[in-house]
Amino acid sequence: MPKDHGIGASMKRREDIRFLTGRGQYTDDVSLHGQTHAVMVRSTVAHGRIRSIDTSAAAAMPGVLAVFTGEDFKDMGGNPAGWLINSRDGTPMREPKRPVLAHGKVRHVGDAYAAVVAETYQQARDAAEQLAADAEIEELPAIVDMVAAVADSSNRVHDEIPDNLCFDWGWIEDNRAKVDAVFKSAPHVTTLELVNNRLIPNAMEPRASIGEYFPGTGDYKLTTTSQNPHLHRLLIAAFVMGIPENKLTVVAPDVGGGFGSKIYHYGEEAVVLAAAKKLGRPVRWTAERSESFLSDAHGRDHVTKIEMAATKEGEILAIRTETLANVGAYLSNFSTATPTFLHGTLMAGPYKVPNVYVNVKTVFTNTVPVDAYRGAGRPEATYSLERTIDKMCRELHLDPFEVRRKNLITPEMFPYTTPVGLAYDTGNYGATLDKAMEIGDVAGFEKRRAASAAKGKLRGMGLSTWIEACGIAPSHLVGVLGSRVGLYDAATVRVNATGNISVMTGAHSHGQSHETVFAQIVAEKLGVPESSVEIVHGDTSKIPFGMGSYGSRSLAVCGVAVTKAIDKIVAKGKKIAAHMLEAAEEDISFADGKFSVAGTDKAKTFGEIAFSAYVPHNYPLETLEPGLEETAFYDPANFTYPAGAYICEVEVDPETGKVDICSFACADDFGNIMNPMVVDGQVHGGVGQGIGQALLENTAYDENGQLLTGSYMDYAMPRASDVPFYTVDYSCQTPCTHNPLGVKGCGEAGAIGSPPAVVNAVIDALHRGGHTHVTHIDMPVSPSRVWSAING
Amino acid sequence: MQLTDHRDIAASPETVWASILDPEVLKACIPGCESLTGSPEAGYEAIVVQKVGPVKAKFTGVVTLSDMVAGQSLTITGEGKGGPAGFAKGGAKVALAPEAEGTRLSYDVEAHVGGKLAQLGSRIIDGFAKKLADEFFERFKTTVEGPAAPDEVPGEASGEEPGDAPSPEGGEAAQKKGWIKRVFGG
């Protein structure tokens, strides 16, 4: 019988009570006395020199309180990149300043170069339109295409960077000569050139910020849509605005999805803070959906050539890739880590391939900055690998299931060090492959294919065996790799005098269900009901310094910090109990919410111990502080390595090119599971996003750098009718060996593993239908692309 | 977006040329043009109202004529700012060649849009620009060719060669009156 509470129970999400009844409190729901409204003025050209901005007319309009341009912020610091990447020749990456508001030049459509603050939103909007009309911006030729950007040094996104190149990174440079040598003598080489399409995150809640300034104390407060309030505070205080960290509070209340896009600090946040100080009134800004398209960091956007050397039997000997990665107009906070250490290090996949070399050139263009988006680098690596293995199997007439099985790292090989710098601690990739074949009913495929054929449809099956590195991240390792921050997390467990518990976490929940799942962990560990545990997050004045939620890290890093803090609570509780029960501390055991003396029936409940800690009348005050509150910081020893096998079945209509997903089977190894229902939801959501990338979503710019997919009329988000009922299994569990919960993380898995499964299935369908000339179709695999491939 | 087409106009190249340089003609032929002031030499300032898909905007901008070879060819360039709707800009290279029945007017049109127009209207912008160019040159042809028979109402003229209809009043003034009537449906 499944558990109904505690670790492993599918407890319903307590946050849904407010989310599903319209009682959530998002940034835009906050309404403050005396508040004012900011509207950004954004560039309509992709690349332009700001000749002049006449703010006088806008400033004189009704209700206008202040007008800001890049000039007002030019002495502030730049919004920094979080990782320093060195080029192959050892030179550091080029790091142009990213100002609060564009100054001198605008560099992408949507680049904010001015802001207007007024009494009402409409007044601010009217004045912003006036200001746009009074700004003289000389349009310059746009740099859109990455190949042209690198080739043409006369046209520059940043005047000081001649070839628009941020860095040229080799991973691992020492592997290169050996990899090249293997290719020279390889029995078979498969080559594939592919595009990992640029995606727009499209969180349901647009970004929003409210700045406040309290002249009496000199304190600032920012309420904003953040996945990591402490990281925001650090970036704004220490790097951009020069405010002492302890004079700035950042609050991220309910946040309606982030998918990476709300990790980063954006200029609007500094604008509302500076404006609040100037005006002495709260200043609020909420993005319109159009602004989200034009200013939220985009995802992916790689152009890759991958080569795979193999034996005629399909044993992979070496992998070599060359990638152009678009970083857009400026370096967003994680933009340099995403195409490198979250991508190149995964290029061995779950395979025992001995030789791998990855080259990534990151390129500045006049487009919206690109940064981590659900999966972040790992979907790009997985897609390249899994598409190429499939192509290799076709070229060699080998079975894609058997070839993968042949190359998978086997359980006895762990811990396994890859040629691209990671040490996988544990896994059983063959087990998830077997499970996927079982739940995906591979054996019954032929019958289903025949049924589809009878309807005139081409049916295909696609496989992807994926791995990711998450639980980001061990600080000692990422420090060596260029990270400018540590990536531990922190939690405080405060047992209140009446025995209920407040847990303050560095991790931020914006869809991840921390309020439910962390409470389950605390309840299990302390033997108390979940209802007595409250999870507090999202306010730097309440929570310890943790790094927030991204990279499938909340549970594997912050969740572990919670358990470490609980361990400290239990240890102190034992001391208190020993005193109260007049026993030796080592004779006290704690189980089911009771501290008892071994071998006796003497015991104190958790509530009694808590009460004693706060009303210390009978208490060892000479050796022990009163109170029951503990904080733990946890820095993981390694990444965690979730892995799995996904099987997608599609039907292709050869008349129209339309692809329908018939079934999608996911067999994942996430280690131990805290709440199966939440894991189901994460996998469903991730695979849905992956299917969106594979079939529908694409970000299109024209040659002038105009965003052509700037609304839901042109940017195709997946709808319920585009996705199937998923078959999800996570029964293959190899618990993580280096964290006490044995958890690995599941937030990004679906978005990482699914795109190649979909595309492999489409190519498979076309081949089975006789269209064997089709070797690849770039995502999104839209009806027009499929039809053109069939008929091309 | 680019587009190339031509119109055969039943008027001499000299008449066609003179019409191109006539701001009144330009104003009447630019769809949605609310005002046009200036001269061929100095360029024009124009206000044009257009609706592209979901975006309706008033564009203020400049129209310049360049590369002028009298009676033969010129380039018309326009750039309009539509405020929050974004901007549109484009140009038409126009060439005139004498034909037996009059003049062949050939044109190469290039159009670009930016801002919200591009973000929201990109699917329809090519068709829209083609429609706009067709409308402009069709109006221009009609204008230059002059009025049809006085009792003729729009729609009944189909199948007839408007150029064949004799001008009842003759002369430039009558011609102008005729095209105003046509353009404004009078």
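Model, not experiment: these values are computed from the prediction. (Residues numbered from 1 in each chain as written. Chains lettered and ligands numbered in written order. Predicted model: local features only at pLDDT ≥ 70, side-chain atom pairs only at ≥ 80, totals over all residues. Heavy atoms only, no water.)

(A) Representation of the overall build of chain A. Helix and strand counts for chain A stand at 20 helices and 28 strands. In terms of overall dimensions, chain A has C-alpha extents of about 85 × 75 × 50 Å along its principal axes. Taking all 792 residues of chain A together, the buried fraction comes to 62%. Restricting the contact set of chain A to residue pairs at least 6 apart, pairs at least 24 apart contribute 80%. Here chain A displays about 27400 Å² of accessible surface, and carbon together with sulfur accounts for 53% of that area. Chain A carries 71 positive and 94 negative side-chain charges, and their two centres are separated by 1 Å. (Helix = DSSP H or I, 4+ residues; strand = E, 2+ residues; numbered from the N terminus. Buried < 20%, exposed > 50% of the residue type's maximum accessible area, 1.4 Å probe, protein only. Contact = heavy atoms within 4.5 Å. Areas by Shrake-Rupley, 256 points an atom, 1.4 Å probe, with all protein chains shown as cover. Lys, Arg positive; Asp, Glu negative; His and termini not counted. Charge placed at Lys NZ, Arg CZ, Asp CG, Glu CD.)

(B) Seen up close, the packing of helix H18 (residues 676–696) of chain A against helix H19 (residues 749–768) of chain A. All names here are of chain A. In the contact formed by H18 and H19, the axes pass within 7 Å of each other and the chain directions differ by 40 degrees. With respect to H19, the element H18 is oriented oblique. For the crossing formed where H18 meets H19, the hand is right-handed. Here Val683, Gly686, Val687, Gly690, Ile691, Gln693, Ala694 and Leu695 of H18 lie close against H19, whose contacting residues are Gly750, Ala751, Ser754, Pro755, Val758 and Val759. Residue composition of the contact of H18 with H19, grouped by class: nine nonpolar, five polar and no charged. (Axes fitted to C-alpha atoms, helices over the stretch in contact; angles between N-to-C directions. Parallel < 35°, antiparallel > 145°, perpendicular 65-115°, else oblique. Left-handed = near helix turned anticlockwise from the far one by under 90°. Nonpolar A, V, L, I, M, F, W, Y, C, P; charged D, E, K, R; others polar.)

(C) Here's a closer look at the interface of chain A and chain B. Taken together, the 20 residues of chain A in the interface contact 16 residues of chain B. When chain A packs against chain B, the two sides together hide about 1300 Å² of surface, and 49% of this comes from carbon and sulfur. For chain A, the biggest contributors to the area lost against chain B are A:Gln706, A:Met713 and A:Asp714; these three give 29% of the whole. Its salt-bridge partner being B:Lys116, residue A:Glu288 comes within 3.7 Å of it at the nearest N-O pair. Inspection of the chain A/chain B interface yields five residue pairs in polar contact (both at pLDDT 80 or more). (Buried area = accessible area lost by both parts, 1.4 Å probe. Salt bridge = Lys/Arg side-chain N within 4 Å of Asp/Glu carboxyl O. Polar contact = N/O pair within 3.5 Å; in protein donor to acceptor, adjacent residues only side chain to side chain.)

(D) Seen up close, the sheet that holds strand S8 (residues 188–196) of chain A. Residues and elements named next belong to chain A. An order of S7-S15-S14-S13-S8 is seen for the five strands of this open sheet, with the pairing classed as mixed. Looking at strand neighbours, the two that pair on one side only are strand S7 (165–171) and S8, the edges of this open sheet. Strand-to-strand twist across the sheet, computed as the mean angle between neighbouring axes with direction ignored, equals 10 degrees. The pairing of S8 with strand S13 (residues 302–310) spans nine bridges and is classified as antiparallel. Within the sheet, the bridge partner assigned to His188 lies in S13 and is Ala310. (Pairing = 2+ DSSP bridges.)

(E) A look at the packing of aromatic side chains. All names here are of chain A. Within the structure shown, the criterion is met by 25 aromatic pairs over all chains. Ring plane angle 55 degrees and centroid distance 4.9 Å describe the contact between Tyr424 and Tyr641, whose orientation is recorded as tilted. Taken together, the residues span a long stretch of sequence, with Tyr424 in strand S17 (residues 423–424) and Tyr641 in the loop between strand S25 (629–634) and strand S26 (643–652) at a distance of 217 residues. Taken together, the ring pairs in this structure connect Trp83, Trp169, Trp171 and Phe341 into an aromatic cluster. Across from the ring centre of Tyr266, 3.6 Å away, lies the NZ or CZ of Arg207, which sits over that ring. Against the face of Phe68 rests Lys278, its NZ or CZ located 5.1 Å from the ring centre. (Phe/Tyr/Trp six-rings, centres within 6.5 Å; stacked < 30°, edge-to-face > 60°. Lys NZ or Arg CZ within 6 Å of the ring centre and 35° of its normal.)

(F) Examining empty space enclosed by the protein more closely. All names here are of chain A. Enumeration according to the criterion identifies six cavities of 30 Å³ or more in this entry. Approximately 240 Å³ is the volume attributed to the largest cavity. What lines the largest cavity is a set of 21 residues, and nearest its centre among them are Arg98, Pro99, Val100, Asp111 and Gly267. Across the lining of the largest cavity, the residue classes break down as ten nonpolar, six polar and five charged. (1 Å grid on protein atoms, 1.4 Å probe; cavity = no way out; pocket = protein on both sides within 12 Å on 5 of 7 lines; lining within 4 Å. Points joined across faces, edges and corners; volume = space filled by probe spheres on them.)

(G) Molecular detail of the confidence of the model for chain B. Residues and elements named next belong to chain B. With 78% of its residues at a pLDDT of at least 70, chain B reaches an overall mean of 80. In the predicted structure, residues 151–170 sits below a pLDDT of 50 and forms twelve contacts with residues beyond four places in sequence or in another chain. Note on the complex model: pTM 0.92, ipTM 0.75. (pLDDT = per-residue confidence, 0-100.)

(H) Molecular detail of the nonpolar core. Residues and elements named next belong to chain A. Counting 123 residues, the largest nonpolar core has Tyr424 and Phe664 as the members making the most contacts within it. Here the element with the most residues in this core is H19; it accounts for ten residues. Discounting chain neighbours no more than four positions away, the residues touching Phe664 are Tyr646, Ile647, Cys648, Val687, Ile691, Pro724, Tyr726, Thr727, Ser754, Ala757 and Val758. If you look at the next biggest cluster of nonpolar residues, it comprises 48 residues, including Val493, Cys558, Ala565 and Leu624. (Core = buried A, V, L, I, M, F, W, Y, C linked by side-chain atoms within 4.5 Å.)

(I) Molecular detail of the pairing of S7(A). Residues and elements named next belong to chain A. Taking burial as the measure, the seven residues of S7 include seven buried ones, the bulk of the element. In terms of strand pairing, S7 meets strand S15 (residues 355–364) through six bridges, oriented antiparallel. Pairing of Leu165 across the sheet is with Val363, part of S15.

(J) Seen up close, the environment of A:Gly607. Residue and element names in this part refer to chain A. Its location among the elements puts Gly607 in helix H17 (residues 606–614). Looking at Gly607, the relative accessible area reads 35%, which means it is partly exposed. On a C-alpha basis, the gap between Gly607 and Ala451 in space is 63 Å, while along the polypeptide they are 156 residues apart.

(K) Representation of the side chain of A:Thr190. Residues and elements named next belong to chain A. Position of Thr190 relative to the elements: it lies in strand S8. Side-chain polar atoms of Thr190 contact the side chain of His188, separated by 3.1 Å. Non-local contacts of Thr190, meaning those with residues more than four positions away in its chain, are made with Ile306, Glu307, Met308, Thr388, Lys391, Met392 and Glu395.

(L) The arrangement of the side chain of A:Asp668 in detail. All names here are of chain A. For Asp668, the location among the structural elements is in strand S27 (residues 659–669). Of the side chains with opposite charge, Lys744 comes closest to the buried, unpaired Asp668, at an N-O distance of 10 Å. At 3.4 Å, the side chain of Asp668 forms a polar contact with the side chain of Trp466.

(M) Molecular detail of the sheet that holds strand S24 (residues 603–605) of chain A. Residues and elements named next belong to chain A. Sheet architecture is open: three strands sit in the order S22-S23-S24, paired in antiparallel fashion. Edge positions in the sheet fall to strand S22 (588–591) and S24, since each has one partner strand and no second. Each neighbouring strand pair of the sheet contributes to a mean axis angle of 20 degrees, computed without reference to strand direction. With four bridges joining them, S22 and strand S23 (residues 594–597) adopt antiparallel strand pairing. Residue pairing for S23: Phe590 is matched across the bridge by Phe595. Across the sheet, helix H16 (residues 554–581) touches S22, S23 and S24, and the angle it forms with S22 is around 125 degrees. Contacts between H17 and the sheet are confined to S22, S23 and S24, with S24 contributing the most and set at about 75 degrees to the helix.

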